[in-house]
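Spelled out, the chains give:
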Amino acid sequence: MYDPNIAIAILAVTFVVLLFLRLPVALTLVISSIATMFYMQDPFMGYIDIVAQQTLQGVNAFSLLAIPFFILTGQLLGEGGLANRIVSLANLFVGRLPGGLSLVNSVACMFFGNLSGSAVADTSAIGSVMIPIMVKKGYSPEYAVGVTISSAIQGVIVPPSHNLVLYSIVAAGVVVPAAGGGMERVGIDVGKLFLAGIVPGVLLLITLCIVGLTISIRRGYPKGDAVAWKQVPGILFHGILSFTPAFVILGSVISGLATATEAGAVAVVYSFFLGAFVYRELKFNRLWAVLVRTFRTVLMVFFLIGASGAFGYVMTTLHLPDLITQAFLSVSHEPWVILLLINVLLLLLGGPMDMAPMIVILTPVLLPVCLQLGMHPIHFGIMLVFNAGMGLLTPPVGTVLFVGCAIGKVSVLEGTKAMWPFFLAMIVALLIITFVPAVSLWLPGLL
Amino acid sequence: MAKKKGRIGRFFLFLDKTIEAYAIGLLVFLILNVFVAVIMRRFFGHMAPWSEEISLLSLTWFSFMGIAIGFREELHLGMDLLDHFIPAKALAVWDRVIDVVVIAFGLYLTYYGAEFTLKMGTSTLAITGWPNMVQYIVMPITGVLTTIYSVLRLLGMDLRRYNQVEEEIKADV
């Protein structure tokens, strides 16, 4: 018979120590699970071999396929010259306002993020087009980088986002006390989760545009170039056509015509035809590179998911989520205090942690706490993913910040300084999302 | 790896390319399999019962092959807080220690994966009737590959085949 307290200590200490010792996060999850099972040696719960089996079971889910399919759709569209069309479309809507290019950047990032689901891809694609144009028109390079990287975060939350799919998969493995006694798994409708991301995404866009507009007016940044009327139909047609893969995914998932995985497969094939045969910008000799890039992105996530399956098994065996929930509730009985604490914790962890590890590791830990507070799992998912997205902007693992600074050829310090007004605006948006559940739940509630 | 000369170098380059092509081939197969299944179901009212089972089998292989390739390409994400406090030379030594840990993980996956695969020897998949072993055998295979890659890296070989900076790959989700 094992002592649960010692088992928990082994799990927590090995996990934290190995994590800080630079071991890959997924490997850290597996090794701490093995160490704990080695100590427990419980014939009912299994021995250390169970960790390998649980890792395999973790990736044995059909819904997981949506992640590579969504990522590949974004990659194919990006390779097919999406960024220029999106920028033209955004310019049509907001280009003539004061500081027009700043607003075009934010709107284009939202459009592109809608299709790619990736903040880093958003920064690379839109930043490569917009930052040089902005600098040429008199915007400071630091400001151009600041507005790009902040706006790119919209990509993680605006549907169809593979980060939301990742959250739904991890959340589905979380076991919580059922209302009628016993235990049950948290089930999340991906269609509703997608819908839940729309209003927060728009809210984020509005806050970023307000900041961008204010700074642009104060600094006297110019308007964008006027678009000739004869160009308008072409820009609208190509822009809207670019959105059809996202419509395919959203429409079929929300209407229940197809699962996220099925919609993703259709969107991949459709995007390929769009890029290769309609726009003719997707070259066949680039296809292998696109597939390799998708594979290399996905393989990290899948190992994390598999490893979190094993880690989650050990945590559940030790009733760790219950204990963590009790610990949080012992701090305060006021839900707003605990939610504020959770947000601070997530923002702090967003610095050293990447997005996927944050979602995979923290969902099983924090979701039961928030459910206990009466929070809806969809609402929690939006809050978590938003926080994790903001973490991409903060060092030491601020990937979006680093990519943006590299594209804009500014130092990380300059980029960080320019990004701060936008980051503060994002905190305001985050607080609204956290404390006004309707922002996330109103739209899915209409279904 | 590509720069290594001689028979061993060529063998591992061939092995690398084969494994990677196989994993990416699985991705293409998965897309087409799911796409065809959707079209068949929606437009022809026909559903191939084996489609989802084959997809899951391919997904398992795709994911586990990815674990090994991730170690080869040093793609699995870790926290780099230590990098700010420890000199580069000490970090290089520490990286070799991590290689040893990865070797231990590879051996674990090989041994227990093989044991579990053999244990499942008599059971079969529900629809195709294939032996369950075809799904679980990917565990020891991944274990062996992970071990080989880590041993070679411990010996000082740079195994990465993609050295170009692709930031979007680092933390794209």
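It should be noted that the structure appears before, not after, this text.
Within each chain, residue numbers correspond to sequence positions counted from 1 in written order. Both sets of labels track the order of writing: A upward for chains, 1 upward for ligands. Reporting in this predicted model follows two pLDDT cut-offs: at least 70 for local features of residues, and 80 or more for side-chain atom pairs to be given and counted; totals over whole chains, interfaces and linings ignore these cut-offs and use all residues. Side-chain numbers here rest on the full set of heavy atoms in the structure, without hydrogens or water.

Draft legend 1. Expanded view of the packing of helix 16 (residues 335–350) of chain A against helix 20 (residues 412–435) of chain A. Residue and element names in this part refer to chain A. Whenever a helix is involved, its axis is fitted only over the stretch in contact; in every case the axis is a line through C-alpha atoms, and angles between N-to-C directions fall within 0 to 180 degrees. Put simply, DSSP H or I for four residues or longer makes a helix, DSSP E for two residues or longer makes a strand, and each gets a number counted from the N terminus. Contact geometry of helix 16 with helix 20 gives a least axis separation of 11 Å together with a crossing angle of 140°. What the angle tells us is that helix 16 and helix 20 run oblique. Helix 16 and helix 20 meet at a crossing whose hand is right-handed. Residues Trp336, Leu339, Leu340, Asn343 and Leu347 of helix 16 form the contact with helix 20, whose participating residues are Leu430, Leu431, Thr434 and Phe435. By definition in this entry, angles of less than 35 degrees are roughly parallel, angles greater than 145 are roughly antiparallel, angles of 65 to 115 are roughly perpendicular, and the rest are oblique. Should the near helix be turned anticlockwise from the far one by less than a right angle, the crossing is left-handed, and should it be turned clockwise, the crossing is right-handed. Only heavy atoms enter the contact rule, under which two residues are in contact if any of them lie within 4.5 Å.

Draft legend 2. View of the nonpolar core. We define the nonpolar core as a collection of buried residues of types Ala, Val, Leu, Ile, Met, Phe, Trp, Tyr and Cys that are connected through side-chain atoms lying within 4.5 Å of one another. Remark: exposure states derive from per-residue accessible area (1.4 Å probe, protein chains only) relative to the maximum for the residue type, with buried under 20%, exposed over 50%, and partly exposed in between. Within the largest apolar cluster, 214 residues are counted, with the highest numbers of intra-cluster contacts made by A:Tyr167 and A:Phe302. Sorting elements by how many residues they give to this core places helix 14 (residues 287–317) of chain A first, with 17 residues. For A:Phe302, the residues in contact, after removing those within four places along its chain, are A:Val59, A:Leu64, A:Ile67, A:Pro68, B:Leu59, B:Phe62 and B:Ser63.

Draft legend 3. How the structure looks around the environment of A:Leu89. For A:Leu89, the location among the structural elements is in helix 5 (residues 82–94). Spatially, the C-alpha atoms of A:Leu89 and A:Met383 are 29 Å apart, while their sequence positions differ by 294 residues.

Draft legend 4. Representation of the side chain of A:Asp122 within the structure. Residue and element names in this part refer to chain A. Tracing the chain through its elements places aspartate 122 in helix 7 (residues 119–136). By the counting scheme adopted, Arg and Lys are positive, Glu and Asp are negative, and His together with the chain ends is not counted. Whenever Lys or Arg places a side-chain nitrogen within 4 Å of a carboxyl oxygen from Asp or Glu, that contact is recorded as a salt bridge. One buried charge, aspartate 122, has no salt-bridge partner; the nearest side chain with opposite charge is arginine 293, at 13 Å. Other than its neighbours up to four places away in sequence, aspartate 122 contacts Cys109, Phe112, Gly113, Ser116, Gly127, Ser151, Ala152 and Gly155.

Draft legend 5. A look at the packing of aromatic side chains. Residues and elements named next belong to chain A. Here the aromatic set is Phe, Tyr and Trp, taking the six-membered ring for Trp, and pairing holds for ring centres within 6.5 Å; pairs whose planes are under 30 degrees apart are stacked, those over 60 apart are edge-to-face, and all others are tilted. For the coordinates displayed, the defined rule picks out 25 aromatic pairs over all chains. Measuring from ring centre to ring centre gives 6.5 Å for phenylalanine 93 and phenylalanine 111, while their planes differ by 80°; the resulting arrangement is edge-to-face. Of this pair, phenylalanine 93 sits in helix 5 while phenylalanine 111 is found in helix 6 (residues 100–116), placing the two residues 18 residues apart along the sequence. With 5.9 Å between their ring centres and 90° between their planes, phenylalanine 272 and phenylalanine 277 make a pair best called edge-to-face. According to the relative accessible area criterion, phenylalanine 277 is partly exposed, its value standing at 43%. An aromatic cluster of three or more residues is present, and its members are Phe93, Phe111, Phe243 and Phe247.

Draft legend 6. Structural view of the interface of chain B and chain A. Between chain B and chain A, the residue contacts involve 63 residues of the former and 67 residues of the latter. On inspection of chain B and its partner chain A, the count reaches four salt bridges. Close ionic contact of B:Asp95 with A:Arg22 constitutes a salt bridge, the shortest N to O distance being 2.6 Å. In protein, a polar contact means a hydrogen-donor-capable atom and an acceptor-capable atom, both N or O and within 3.5 Å, with residues adjacent in sequence counting only if both atoms are side-chain atoms; elsewhere, any N or O pair within 3.5 Å suffices. In this structure, the connection of chain B to chain A is made through eight residue pairs in polar contact (both at pLDDT 80 or more).

Take it as geometry only, folks, not as evidence of what the structure does.
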